[in-house]
Amino acid sequence: MKPTSRLANEARDLLELVLLPGIAALLPWRLCFRLFRWLCGRDFLYRASCNEALAQARARGWVRGDAGEWLRTRRLVTLIDHADFYLARSRSDRWMARHLSVQGEWPSPAQPAILCTFHWGAGMWGLRHLSSTTCTRTP
């Protein structure tokens, strides 16, 4: 790989994985979400992975209608998945209760359980929610 290609890849990763998702830690969520939606209307974000995902989705018949809208939604989901790390680190339990929907209940702290979750996105919120509910309970 050429040094200029490597530098371009590193710059794109910095933008897509750190700088843009990190805005979520700084802005109020409603404003941040609007900005994210606007940014996802541009095709420079996550271009390679989104185009590959679109090709795979088309091959399986999962894309019906406007491919541009499908790509915007895919970019938004990806950007929010990356932003979840910054949100989970910077938001309070009160913010979590206001902006997230929880279905079901965790087992009591006295009951053995195995928790399997994603390593980011919704998984981070699941771990965070479990922590906030079990830390305040008394067995």
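Just so it is clear, the model here is predicted, and its values are computed rather than measured.

Caption draft 1: Representation of the packing of helix α1 (residues 3-22) against helix α4 (residues 67-90) within the structure. At a minimum axis distance of 9 Å, the contact between α1 and α4 shows a crossing angle of 65 degrees. The pairing of α1 with α4 is recorded here as roughly perpendicular in orientation. Seen from above, α1 lies across α4 with right-handed handedness. Between α1, through E16, L17, V18, L20, P21 and G22, and α4, the contact on the second element is made entirely by L79, H82, A83 and Y86. Grouping the amino acids of the contact of α1 with α4 by side-chain chemistry returns seven nonpolar, two polar and one charged.

Caption draft 2: Highlighting the nonpolar core. Counting 25 residues, the largest nonpolar core has A24, W29, F36, L45, L79, L87 and W125 as its most contacted members. Listed by contribution, the elements that provide at least two residues to this core are α2 (29-39), α3 (47-59), α4, α5 (93-99) and α6 (122-135). Looking at this core, the element that brings in the most residues is α4, giving eight residues. If sequence neighbours within four positions are ignored, W29 has contacts with A24, F36, I80, L87, R91, W95 and H99.

Caption draft 3: Representation of the state of the cysteines. Taken as a whole, this structure holds zero disulfides when the rule is applied. Cysteine C40 shares no disulfide, and the gap to the nearest cysteine sulfur, in C50, comes to 8.1 Å. We classify C40 as buried; its relative accessible area is 1%.

Caption draft 4: Summary view of a positive patch on the surface. A surface patch of positive charge is lined by R30, R34, R37, R94 and R98. Listing elements by their share of the positive patch, those giving two or more residues are α2 and α5. Among the elements that line the positive patch, the one with the most residues is α2, at three residues. Secondary-structure assignment places R34 in helix α2.

Caption draft 5: Broad picture of the packing of aromatic side chains. Taken as a whole and assessed by the stated rule, the structure comprises four aromatic pairs. Arranged with centres 5.8 Å apart and planes meeting at 50 degrees, the rings of W29 and F33 form a pair that is tilted. Highlighted residues: W29 and F33, both in helix α2, separated by four residues, approximately one helical turn. Residue classification places F33 among the partly exposed residues on the basis of a relative accessible area of 26%. Here F85 and Y86 contribute two aromatic rings whose centre-to-centre distance is 5.1 Å and whose plane-to-plane angle is 80 degrees, an arrangement assigned as edge-to-face. Taking relative accessible area as the criterion, F85 reaches 40% and is therefore assigned partly exposed.

Conventions adopted
Residues numbered from 1 in each chain as written. Predicted model: local features only at pLDDT ≥ 70, side-chain atom pairs only at ≥ 80, totals over all residues. Heavy atoms only, no water. Axes fitted to C-alpha atoms, helices over the stretch in contact; angles between N-to-C directions. Helix = DSSP H or I, 4+ residues; strand = E, 2+ residues; numbered from the N terminus. Parallel < 35°, antiparallel > 145°, perpendicular 65-115°, else oblique. Left-handed = near helix turned anticlockwise from the far one by under 90°. Contact = heavy atoms within 4.5 Å. Nonpolar A, V, L, I, M, F, W, Y, C, P; charged D, E, K, R; others polar. Core = buried A, V, L, I, M, F, W, Y, C linked by side-chain atoms within 4.5 Å. Buried < 20%, exposed > 50% of the residue type's maximum accessible area, 1.4 Å probe, protein only. Disulfide = S-S within 2.5 Å. Patch = residues over 30% accessible without salt bridge, like charges linked within 9 Å, V, L, I, M, F, W, Y side chains within 5 Å. Areas by Shrake-Rupley, 256 points an atom, 1.4 Å probe, with all protein chains shown as cover. Salt bridge = Lys/Arg side-chain N within 4 Å of Asp/Glu carboxyl O. Lys, Arg positive; Asp, Glu negative; His and termini not counted. Charge placed at Lys NZ, Arg CZ, Asp CG, Glu CD. Phe/Tyr/Trp six-rings, centres within 6.5 Å; stacked < 30°, edge-to-face > 60°.

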